[in-house]
Amino acid sequence: MASGRKPMRITTPKWTPGDGAMRMVALEVLIHGPMSRSEVARRLDLSPGSLTRLSTPLLESGLLVDVGEQVDRRVGRPVQLLDVVPASRHFIGMKLMAGEVLGVVADLRANVVASAGRTFKDRSPEAVADSIAELVAELRGGRPEITAIGVGIGGLLEEHGFVRSAPFLDWTDVPLGMMIEQRTGIPTVVENDLVAFTEYEHWFGAGRGLDRFAVVTLGAGIGYGLVIHDEIVRNDEFGIGLVGHWPLDPYGPVCSEGHRGCAKAVLTDTAISQAVSQALGRPLTYAAAINLAAGGEAAARRVVDDAGRSLGRLLAAVANLTMPETVVIGGEGVRLAEVAAEAVEAGMRADRDPRIRPVPLTIRSGDNTEWARGAAVVAIQTYVLGRRTI
Ligand SMILES: [Zn+2]
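One structure accompanies this document, and this report is about it. Given the structure is predicted, the values throughout are model-derived calculations rather than measurements.

### Some thoughts on the coordination of the zinc ion
- Distances from the zinc ion to its protein donors, His245 (ND1), Cys255 (SG), His259 (ND1) and Cys262 (SG), fall at 2.0 to 2.3 Å.
- Relative to the metal, the 4 donor atoms surrounding the zinc ion lie at angles of 92 to 131°, and the coordination shape comes out tetrahedral.
- Here the donor residues of the zinc ion share one chain and are spaced in sequence as H-x9-C-x3-H-x2-C. On the criterion of sequence distance, the pair formed by histidine 245 in the loop between strand E14 (231–232) and helix H7 (263–267) and histidine 259 in the loop between E14 and H7 is long-range, its members being 14 residues apart.
- Given the relative accessible area of 29%, histidine 245 is considered partly exposed.

Next up, the structure:
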């Protein structure tokens, strides 16, 4: 995942993200801080002398600071805590969609401090890169410096921000990262949007500190991300959307590939809105279909409950095969998980051994800024870990 690096322009003195042990110290404090020096040393198996040597440049660069004091029960005296200064660095994260790009400014801990968006009609790579550059200019207004940009995109990507294919924009072979860097002068990383979404949860969200967790996203497509032993599980086919055709309902509708009742055929926004529209004989949006179900309309309720049961079966498969400690559910279609909560629960129960502990679910808001925030995290990771993720 970390091959093919391109040097980044880092202005921080005396520390480059490439220093292996030093970046582990920065990372430990970034994700789990504030914490005492002895705790950092214990977690990373470092001697006090080594930790001092590694943390000094980080403190001098302003990335880490000594904050407050806490009484350490083991030694019975107050100890200084190390922490990052979240506002010391800012990153831009973006979600690129068909006809729209949404951007956020986030600090070093992925707290969103500003957001803005642009719509575009011309989907040519040049025009889209121009829109992105305009959005960057708006977002960085008044801020001293943006360290890096992360762009999340639904598609197949190669290294150095090269988009191999993005069907929603009709793109093939677009060097998007380079085009954005040329226009903005800011190091840019382009990543699959589901990876970006998952990496937020991994470092700063529901998956922080867990050994295993999974992400399922609902919307125009069905996404699945898995983190095991602190690494996202992926290969170069990740952007295809591998869980999209997972079989869920033997009596469900047929997808474009001829599968009956696969995830795409029963769980997507379109699948649900079409089924309710057909039952009621009038065209309905996904939001309208879900609202009708929530209000108890019989046909919408049945469609949404059937989809909810299928979602439960998908979650059961995820839980049975990969044993996550939690599953995060997000994406613009996430209301299915709430409105059909009982059906989801029943679907999960049906496919799991009765002796198991239920897997806690974390349901996100479905707001698009969550995707953009994930892209910012990819930029943060690139900065802190000194890697180009793709
Ligand atoms: Zn299918």
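The rest of the description comes next.
### Describing the layout of surface pockets
- Considering only enclosed or pocket space, the largest pocket measures out at about 1,200 Å³ in volume.
- In this structure, the largest pocket is lined by 41 residues; those nearest its centre are Gly154, Gly221, Gly239, Ile240 and Gly241.
- Listing elements by their share of the lining of the largest pocket, those giving two or more residues are strand E4 (90–97), helix H6 (193–203) and strand E13 (223–228).
- Looking at the lining of the largest pocket, the element that brings in the most residues is E13, giving 4 residues.
- A per-class count over the lining of the largest pocket returns 18 nonpolar, 17 polar and 6 charged.

### Overview of the sheet that holds E14
- Strands sit in the order E14-E13-E12-E15-E16 across an open sheet of 5 strands; the sheet is mixed. At either margin of the open sheet sits one strand with a lone partner, and together these are E14 and strand E16 (361–363).
- Along the sheet, H6 makes contact with strand E12 (212–217), E13, E14 and strand E15 (327–330), crossing E12 at roughly 140°.
- Against the sheet, helix H10 (residues 298–322) contacts E12, E13, E15 and E16, and its axis sits at roughly 155° relative to E12.

### Brief notes about the side chain of serine 277
- Take serine 277: it is sitting in helix H8 (residues 269–280).
- Beyond its immediate sequence surroundings of up to four residues, serine 277 is in contact with Arg282, Pro283 and Leu284.

About the cut-offs
- Residues numbered from 1 in each chain as written.
- Predicted model: local features only at pLDDT ≥ 70, side-chain atom pairs only at ≥ 80, totals over all residues.
- Heavy atoms only, no water.
- Donors = N, O, S within 2.8 Å, 3.2 Å for Na, K, Ca; no water.
- Tetrahedral: all angles 85-135°; square planar, octahedral: opposite > 155°, others 65-115°.
- Helix = DSSP H or I, 4+ residues; strand = E, 2+ residues; numbered from the N terminus.
- Buried < 20%, exposed > 50% of the residue type's maximum accessible area, 1.4 Å probe, protein only.
- 1 Å grid on protein atoms, 1.4 Å probe; cavity = no way out; pocket = protein on both sides within 12 Å on 5 of 7 lines; lining within 4 Å.
- Points joined across faces, edges and corners; volume = space filled by probe spheres on them.
- Nonpolar A, V, L, I, M, F, W, Y, C, P; charged D, E, K, R; others polar.
- Pairing = 2+ DSSP bridges.
- Contact = heavy atoms within 4.5 Å.
- Axes fitted to C-alpha atoms, helices over the stretch in contact; angles between N-to-C directions.

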